[in-house]
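Geometric and topological summary
For reference, the chains in residue letters:
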Amino acid sequence: MKILVTGAAGFIGMHTSLVLLQRGDEVVGLDNLNDYYDPQLKLDRLAQLQAFSNFRFIKLDLADRDGMTRLFAEEKFERVVHLAAQAGVRYSLQNPHAYVDSNLVGFVNVLEGCRHNAVQHLVYASSSSVYGGNEKTPFSEADPVDHPVSLYAATKKANELMAHTYSHLYDIPTTGLRFFTVYGPWGRPDMAPWLFTSAIFEGRPIKVFNHGKMLRDFTYVDDIVQGVVRTLDRPAEPDAAYDGKAPNPATSRAPFRVFNIGNQDPVPLMDFIDAIESATGKIAEKDFQPMQPGDVPVTSADVSALTAWTGFEPGTPLRSGVQRFVAWYRDYFRV
Ligand code: NAD
């Protein structure tokens, strides 16, 4: 298959592209290589992909309307995995416009490309953050998601609504996957696993928000990629369910789906820190801080719907995933 992977130089985009390339798909990777975090890390990820002859890289900004129109028209992708976005909850308080440009304007450009070029399936990244501060756990797709508590979460919820519209108006099969805290080798320097590990190795205190009273459904990146690829491979069948309701045949012409994808095993933040301490062999100095604006105390995924649809099974226990991340980090930074 000829597949566009947006955000291919990003953390999840690199891992997803690798799996598709290894099984022989033709992958076109798109990224703007922005400097939200160290662009050298993105270039190093890209180098892993450029070793494959079935990979091509295109440097392009999602918000470049003409560029995106041309790309889709020229390449005629069969399927699209849309992972490029301005990620991060906290940064959305500092730089809201980056989220509008990449996550809203950019998403319309992806939808338009799919619409005009008969893309067979668009799989895109949503986020557990759409559940906001919901107290009922685990989070299920049938739960209300009307109260995003950051602009980042609002753009991800907006993506689901926009995909819904395009799916129904233009027959584009779309599947949104609500990722739950993804970690693993080549991870994101702005996320807790990396921040904790780097601080521990450098002898700096780690910031522990909400005084450590948080539960996170940390999900190993290989499990996420397994779910993304299983989803991408599903043929489009008109049996979509959304928010737990069957689609109305009068209005539903194309499958529109949204699923949770997580480890289904939320762990206390302090246990996660303990796993990093074990893997690094060092004890962290902890700087306990209050809850950050935009953050939520709990994330917890019910993945039964995705399992039923694709056979997805998360399988990586936290401690072995953390060990693999720390081993990669040591190797990458030679520490
Ligand atoms: P990432 O930041 O590592 O990857 C995103 C990539 O997209 C980056 O390489 C960036 O350069 C690129 N990008 C951003 N804006 C762009 C634009 N306007 N044009 C072109 N390229 C652009 O993030 P990630 O962790 O790999 O996340 C991938 C997707 O999953 C994102 O949509 C993110 O919101 C979502 N997500 C991630 C997590 C997680 O825990 N990592 C959780 C929930 C949702």
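Residues numbered from 1 in each chain as written. Predicted model: local features only at pLDDT ≥ 70, side-chain atom pairs only at ≥ 80, totals over all residues. Heavy atoms only, no water.

**Some details on the packing of helix α5 (residues 96–116) against helix α6 (residues 151–170)**
The axes of two packed helices give the description: the angle between them and the distance between them. What counts here: The axes are straight lines fitted to the C-alpha atoms, using for helices just the contacting stretch, and the angles between their N-to-C directions are given from 0 to 180°. Only DSSP runs of H or I covering at least 4 residues are called helices, and only runs of E covering at least 2 are called strands; the numbering of each starts at the N terminus. The cut-offs work like this: below 35 degrees is roughly parallel, past 145 is roughly antiparallel, 65 to 115 is roughly perpendicular, and the gaps in between are oblique. Should the near helix be turned anticlockwise from the far one by less than a right angle, the crossing is left-handed, and should it be turned clockwise, the crossing is right-handed. Two residues form a contact once any of their heavy atoms are found within 4.5 Å. Residues are grouped as follows: nonpolar covers Ala, Val, Leu, Ile, Met, Phe, Trp, Tyr, Cys and Pro; charged covers Asp, Glu, Lys and Arg; every other residue, Gly included, is treated as polar.
At a closest axis distance of 10 Å, the pairing of α5 and α6 adopts a crossing angle of 15 degrees. The orientation of α5 with respect to α6, classified from their angle, is roughly parallel. Both α5 and α6 take part in a crossing whose hand is right-handed. Contacts between α5 and α6 involve Pro96, Tyr99, Asn103, Leu104, Phe107, Val108, Leu111, Glu112 and Arg115 on the former and, on the latter, Leu151, Tyr152, Thr155, Ala158, Asn159, Met162, Ala163, Tyr166 and Tyr170. In terms of residue class, the contact of α5 with α6 is built from 13 nonpolar, three polar and two charged.

**Focus: the pairing of strand β5 (residues 121–127)**
In plain terms, the rule: Accessible area is worked out with a 1.4 Å probe on protein chains only. A residue is then buried under 20% of its type maximum, exposed over 50%, and partly exposed in between. Strands are treated as partners if at least two bridges between them are detected by DSSP.
Buried residues dominate β5, accounting for seven of its seven residues. Residue alternation in β5 divides its side chains into two sets, His121, Val123, Ala125 and Ser127 and Leu122, Tyr124 and Ser126, and both sets are buried. Sheet analysis places strand β4 (residues 79–82) next to β5, joined by four bridges and oriented parallel. Each residue of the ladder has a partner; that of His82, found in β5, is Tyr124.

**Looking at the packing of aromatic side chains**
Note the cut-off: Classification of ring pairs rests on two measures: the distance between centres of Phe, Tyr or Trp rings, Trp counted by its six-membered ring, which must be within 6.5 Å, and the angle between planes, read as stacked under 30 degrees, edge-to-face over 60 and tilted in between.
Summed over all chains, the structure comprises 27 aromatic pairs. Plain terms: the ring middles of Tyr131 and Phe180 are 6.3 Å apart, the flat faces sit at 40 degrees to each other, and that makes the pair tilted. Of this pair, Tyr131 sits in the loop between β5 and α6 while Phe180 sits in the loop between β6 (174–179) and β7 (182–183); the two residues are 49 residues apart in sequence, bridging distant segments of the chain. The exposure classification of Tyr131 matches that of Phe180, with both residues buried. Plain terms: the ring middles of Phe201 and Tyr329 are 5.7 Å apart, the flat faces sit at 10 degrees to each other, and that makes the pair stacked. Pair noted here: Phe201 is in helix α7 (residues 192–202) and Tyr329 is in helix α11 (residues 318–333), with a separation of 128 residues, a long-range link. Residue class for Phe201 comes out buried when judged on its relative accessible area of 18%. On the basis of relative accessible area, Tyr329 is assigned to the buried category, the value being 4%.

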